[in-house]
Amino acid sequence: MSTFASDFMDKFDARWDEVDVLIKMAEQIGTEDAKYNVLCRAAIVLVVANLEGCLQEIIRCLIDDININDAFLISSDRMKRTFCSQFIDRDSKNYEKKVTRMMDLFEQTNIKYTEEPFFYENNKNPKASVIEKYFEEIVDKNFWGYITDCNIEKIFENDLEFIDSMTKQLSDILTEGVMEFPYKLDISKIEFNLSKDKVSDDCLWKTFLNQTLKARHNVAHGISFDNTMSIEEIKNTRDKIIILEKLFAVLIFKYGIKSQPEI
């Protein structure tokens, strides 16, 4: 039976069609045409919109696959805790003990997840703190720590061959790993930083994301009517955002489910 995660991967490339159309049009008309700036400005807004929607869709796919397979029991402990915490006042006496007891009860009944507890900042810009919060509510580890101070950061050298290779590797891991539930993702070929140390705000990933969000903000809020990025910069940004989305998906699908051979 197909999974929601595999359906998501089947449609992943199509989600970028609008951006690719704008990029192609801008390349064809050139910088002297007045429409060039318009196309570039529209493209950077859609790049950020794609990231925002993609992060939430990844989490929805995980929740839907868990629910349809009655798999609350093998979802991550952090995911269970996030869900159960919504029912108990954090200021109540013996809060942690109450949450643990509720987790035990829900494991026995195989309750269904709802989405609300995992989208505390729904419809917010996908800034670094928001992405980290999404991840922590599922995995309880530092997302940026996994992808900082490791070979993955070579994408910031703009080596197109490496970027293409990384994109394909991640696609293969996802496509093959989520065909069935429980997922079986083999991440051994990706050099994640498994020390998962906290990273500073000026790390390459956060700096890149902040610059991208600033460019989108300037367009969306009319701060500047000049083009904020060239089409080449937008293409480079698109490629890195695609990798960021797939890295997030790999780690969410990998660690949102406990390592067990069967449900």
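First things first, this report covers the structure right here in the doc. (Residues numbered from 1 in each chain as written. Predicted model: local features only at pLDDT ≥ 70, side-chain atom pairs only at ≥ 80, totals over all residues. Heavy atoms only, no water.)

## Digging into unusual backbone geometry
Looking along the chain, the bond that leaves phenylalanine 181 and enters proline 182 is cis, with omega of 0 degrees. Among the structural elements, proline 182 can be located in the loop between α8 (160-177) and α9 (204-220). Look at asparagine 94: it is not a glycine, yet its phi comes out positive at around 60 degrees. Here asparagine 94 shows up in the loop between α4 (77-85) and α5 (95-109). Note on asparagine 94: relative accessible area 44%, which makes it partly exposed. Even without a glycine there, the phi angle at aspartate 149 is positive, about 55 degrees. Checked against the element boundaries, aspartate 149 lands in the loop between α7 (143-147) and α8. Judged by its relative accessible area of 62%, aspartate 149 falls in the exposed class. (Helix = DSSP H or I, 4+ residues; strand = E, 2+ residues; numbered from the N terminus. Buried < 20%, exposed > 50% of the residue type's maximum accessible area, 1.4 Å probe, protein only.)

## Section: the nonpolar core
Of all hydrophobic cores here, the largest spans 90 residues; its most connected members are Trp144, Ile147, Phe192, Trp205, Phe248 and Phe253. With 16 residues, helix α3 (residues 35-68) is the single largest residue contributor to this core. (Core = buried A, V, L, I, M, F, W, Y, C linked by side-chain atoms within 4.5 Å.)

## Describing the packing of helix α2 (residues 17-29) against helix α10 (residues 231-255)
For the pair α2 and α10, the least separation of the axes is 10 Å and the interaxial angle reads 155 degrees. Here α2 lies roughly antiparallel to α10, going by the angle between them. Read as a crossing pair, α2 and α10 show a hand that is left-handed. Contact with α2, carried on its side by Val19, Asp20, Ile23, Ala26 and Glu27, involves Ile231, Glu232, Ile234, Lys235 and Arg238 of α10 and no other residues of that element. (Axes fitted to C-alpha atoms, helices over the stretch in contact; angles between N-to-C directions. Parallel < 35°, antiparallel > 145°, perpendicular 65-115°, else oblique. Left-handed = near helix turned anticlockwise from the far one by under 90°. Contact = heavy atoms within 4.5 Å.)

## Section: α2
The periodicity of an α-helix, 3.6 residues per turn, causes residues three or four places apart in sequence to face the same way. A rise of 1.5 Å per residue sets the reference length of α2, with its 13 residues, at 18 Å; its end C-alpha atoms lie 19 Å apart and thus fit the reference within 8%. Turning to α2, its buried residues number three or more, namely Val19, Leu22, Ile23 and Ala26. End-on view of α2: buried residues confined to an arc of 100 degrees, all on one side of the axis. Set apart from the buried face of α2 by more than 90 degrees, the exposed residues are Lys24 and Gln28. Residues of α2 that are buried in the fold lie against α3 and α10. Following α2 by one or two positions, glycine 30 adopts a phi angle in the positive range, close to 80 degrees. (Expected span 1.5 Å × (residues − 1). Arc of directions from axis to C-beta.)

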